[in-house]
Amino acid sequence: MSWGTELWDQYDNLAIHTSKGIEFLDKYANFIRDRLAIETEYAAKLRRLAKNYQPKKKEEDDNEFTSHQAFRNVLKEINDLAGQREVVAESLQLQIIQGITLLSKTLREERKKCLSNGTYLQQNLSSQLSALERAKRNYEKAYRDSEKAVDNYKKADMDLNLSRAEVERYKNIMTAKIQQSDDAKNEYANQLQKTNNLQQQHYNELLPEVFNRLQELDEKRTRGIREFIIGAADVESSVAPIIARCLEGMVKAGESINEKEDSYKVIERYQSGFTPPTDIPFEDLSKQDPESSQESHYNNVQSSHLTVKGTISANRIKKRVGIFNIFGSNKNSLTADGQKEDFSDLPPNQRRKKLQAKIAELQQKIAQETAARDGLMKMKVVYEANSSLGNPMTVEGQLNESEHKLEKLKIDLKKYQGYLERANQIPMASNSPQANRNNLHNGHRVSRHSNGSTEDNNEDGDDQPDDGGSLSRSDSEDNVAQIQNGHNNNNNGVSLSKTHLNNSSSASPESGLGTSHTSLPGSGQGSAHDNAMGEDAYYETEMELLQPLGTCRALYPFEATSEGSIPMNEGEVLQVIEIDQGDGWTRVRRLNNTNGWDEGFVPTSYIECTLYA
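Worth saying up front: this structure is predicted, and the values here are computed from it rather than measured.

**Q** I keep staring at the overall build of the protein and nothing clicks. Help me out?
**A** Broken down by element type, the protein carries 11 helices and 8 strands. For the protein, the proportion of its 613 residues judged to be buried stands at 41%. When contacts within the protein are restricted to residue pairs at least 6 apart in sequence, those whose partners lie at least 24 apart make up 76%. Total accessible area on the protein is roughly 34,800 Å²; 51% of this is exposed by carbon and sulfur atoms.

**Q** For this particular structure, what's the right way to read the pattern of salt bridges?
**A** Side-chain pairing between opposite charges can occur once the charged atoms of the two side chains come close. Under the definition given, this model contains 27 salt bridges. Note that R373 and E403 form a salt bridge whose closest N and O atoms lie 3.8 Å from each other. A residue pair is termed long-range when its members are at least 10 positions apart, and R373 in helix α8 (residues 348-385) and E403 in helix α9 (residues 392-425) qualify at 30 residues. Accessibility expressed as a relative area gives 17% for R373, which makes it buried. Salt-bridge contacts for D412 lead to K415; the nearest nitrogen and oxygen are separated by 4.0 Å. Of this pair, D412 and K415 both sit in helix α9, 3 residues apart, which is roughly one turn of the helix.

**Q** Got a minute to help me understand a nonpolar patch on the surface in this structure?
**A** Together, L49, Y53 and F71 make up a nonpolar patch on the protein surface, roughly 310 Å² of accessible area in all. Counting through the fold element by element, L49 comes out in helix α2 (residues 11-52). Since its relative accessible area comes to 41%, L49 is described here as partly exposed.

**Q** Got a minute to help me understand helix α4 (residues 164-255) in this structure?
**A** Owing to its 3.6 residues per turn, the α-helix brings residues three or four apart onto one side. Compared with the 136 Å implied by 1.5 Å per residue over 92 residues, the 132 Å span of α4 between its first and last C-alpha is a close match. In α4, a bend of some 50 degrees at H202 exceeds every other bend along the element.

**Q** I would appreciate a short explanation of the packing of α2 against α4 in the present structure.
**A** The relative placement of two packed helices is expressed as an angle between their axes plus a distance between the axes. In contact at an axis separation of 11 Å, α2 and α4 are set at 15 degrees when each is read in the N-to-C sense. By the angle between their directions, the pair α2 and α4 is classed as roughly parallel. The crossing of α2 and α4 is left-handed. Of α4, the residues touching α2 (which contributes Y11, L14, H17, T18, G21, I22, F24, L25, Y28, R35 and E39) are L207, F211, L214, D218, R221, I225, F228, I229, A232 and E236. Along the lines of polarity and charge, the residues of the contact of α2 with α4 split into 13 nonpolar, 3 polar and 5 charged.

**Q** How do you make sense of the packing of aromatic side chains when you look at a structure like this?
**A** Note on aromatic pairs: each is described by the distance of the centres and the angle between the planes. Under the defined criterion, the tally for this structure stands at 9 aromatic pairs. Each ring, one from Y28 and one from F31, has its centre 5.9 Å from the other, and the planes form 35 degrees; the classification is tilted. With Y28 and F31 both in helix α2, this residue pair falls 3 residues apart, about one helical turn. For Y28, a relative accessible area of 12% translates into the label buried. Relative to Y143, the ring of Y139 has its centre 6.3 Å away and its plane inclined at 40 degrees; by these criteria the two rings are tilted. With Y139 and Y143 both in helix α3 (residues 66-158), this residue pair falls 4 residues apart, about one helical turn. One aromatic cluster in this structure is built from Y556, F558, W585 and Y606. The ring of Y170 has R169 sitting right over it, with the charged end atom 4.8 Å from the ring centre.

**Q** Help me out: how do you make sense of the nonpolar core in this one?
**A** Considering soluble globular proteins, one finds that nonpolar side chains tend to be buried as a cluster. L92 and F211 are the most contacted members of the largest nonpolar core, which totals 39 residues. Of all elements in the fold, only α2, α3 and α4 reach the threshold of two or more residues within this core. A per-element tally of this core places α3 first, with 15 residues. Here L92 is in contact with I32, R35, L36, I97, A232 and V235, once residues within four sequence places are set aside. Residues F558, A560, L574 and F601 belong to the second largest nonpolar core, which totals 17 residues.

**Q** Where do I start with the side chain of T586 in this structure?
**A** With respect to the element layout, T586 can be found in strand β6 (residues 585-592). Owing to a relative accessible area of 0%, T586 belongs among the buried residues under this scheme. Looking at T586, its side chain comes within polar contact range of the side chain of T604, at 2.9 Å. Setting aside its immediate chain neighbours within four residues, T586 contacts K340, V576, E578, I579, D580, G600, F601, V602, T604 and I607.

Procedures and definitions
Residues numbered from 1 in each chain as written. Predicted model: local features only at pLDDT ≥ 70, side-chain atom pairs only at ≥ 80, totals over all residues. Heavy atoms only, no water. Helix = DSSP H or I, 4+ residues; strand = E, 2+ residues; numbered from the N terminus. Buried < 20%, exposed > 50% of the residue type's maximum accessible area, 1.4 Å probe, protein only. Contact = heavy atoms within 4.5 Å. Areas by Shrake-Rupley, 256 points an atom, 1.4 Å probe, with all protein chains shown as cover. Salt bridge = Lys/Arg side-chain N within 4 Å of Asp/Glu carboxyl O. Patch = residues over 30% accessible without salt bridge, like charges linked within 9 Å, V, L, I, M, F, W, Y side chains within 5 Å. Expected span 1.5 Å × (residues − 1). Bend = angle between axes of the 7 residues up to and from the residue. Axes fitted to C-alpha atoms, helices over the stretch in contact; angles between N-to-C directions. Parallel < 35°, antiparallel > 145°, perpendicular 65-115°, else oblique. Left-handed = near helix turned anticlockwise from the far one by under 90°. Nonpolar A, V, L, I, M, F, W, Y, C, P; charged D, E, K, R; others polar. Phe/Tyr/Trp six-rings, centres within 6.5 Å; stacked < 30°, edge-to-face > 60°. Lys NZ or Arg CZ within 6 Å of the ring centre and 35° of its normal. Core = buried A, V, L, I, M, F, W, Y, C linked by side-chain atoms within 4.5 Å. Polar contact = N/O pair within 3.5 Å; in protein donor to acceptor, adjacent residues only side chain to side chain.

Written as structure tokens, this is what we have:
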């Protein structure tokens, strides 16, 4: 089937059809462009999604869980999936869009050329038909004129009134008209033959050639659309195996999640190492001696006057401000994340893990620095053997710096190894709040030690007090006055009056006005009313009973020389009631049989703390 044969008279319709075909090709190109934009946007949003859900630096500790690791693997697969969508977009751009653009341009140029040729042929045929029409009209006119001239001659010849000359004139006119008619007839015949030949050639050869060329162009366009559609599918198919592997990776990531392993890691992370508390002994009041009974009565009075603020304050660490900065600062005792250098503020298990990780890190740094130093030494030997390669003195400075770094790392390693050794020597059973609770048993105060045994501490001034027996600020001055007036007549209780903190020598522990070295309000003398009048802006006006946060052991002896500090002996065990706030001092408390409780501050570097979980 050929357009030139079947559609010989549909020139205008074929021109419109081929134009619509190229417009459809451009429409498909726009479709691919829109899909390409969607693929690009989809890939960009997938990458942004994966980036937004990447673990933050503060969440690094959670990365050890299998669920978190699986999620990170899923994010990697999402990134790979986004990359494949980008490959699809790029392939559509290079293979489909560019191919359609080139084909559309070629088809438009070829169609324009074919239509120009067809228009020229149509114009030639129209011109020939016009010439034939003119020749026909001339012939018809000449024929009518010749017939009229013949009629005029016959009439003149039969008219006897006309002269011979007049008749001869009519005869000459007739002969001329007949000749003109014959000439017009011959011209008409020639034009007719030429027109027929041109028309036959036009419809049988010239115009079919143009139409067949248009048919080829349209078939080429149709074939191009087919190839482009298949090509777009092939682009998608080419990345399908990689996308399938990405999905398989996601499935494997999901299958890698192990709930038992994550549960074990939770135990590893949060296990404090403390042992559960033992049974609380029965207190037989009938077998207590008077002194213990009086002390127990005092503790009961203290507990009965706990305010709401006092009961919850044991779980809260108050920030020391202003006045205690006179003791100086020890910023080096804190790490970058706010923990202590020896991690003594962590439970035993966590402290050991942190110390072991720090030691491993230091050992790795030492190995790296040792390798760097050895390399510098070899370089120096080479330079000394052949000075043309370099000056040995240029390496000397780097070598000295490396030696200095290595020495510092070794010192830090030895220090943390010492921390770890001391941490391993600390029993874990005595560090829980319940294990440190002092109880009255058989009329005597007993304290539970790390080995689970109990001993009579009735006469030991270093005994750890009851959880609720610490000095603190309360919400009511009436409670303070009641304790002072009703239960402190024998000077065996605790004076809860507020002491003015100032720089005068009369208020310092060395002045002899107080009975204990303490910086806590309540360590001086005077009534609650007097102290309320001289209230310090840094502290609340009333006292609350603070629960101990842990225990500490004195590594070195300390003599209190500043106001607010408290002396201690090497090996002495004290209660921690406020941890170091970054100024290098820790607030502690001890039982004083003479004057109730002693509270004050000691250097953090002089003690080894074990906080409750």
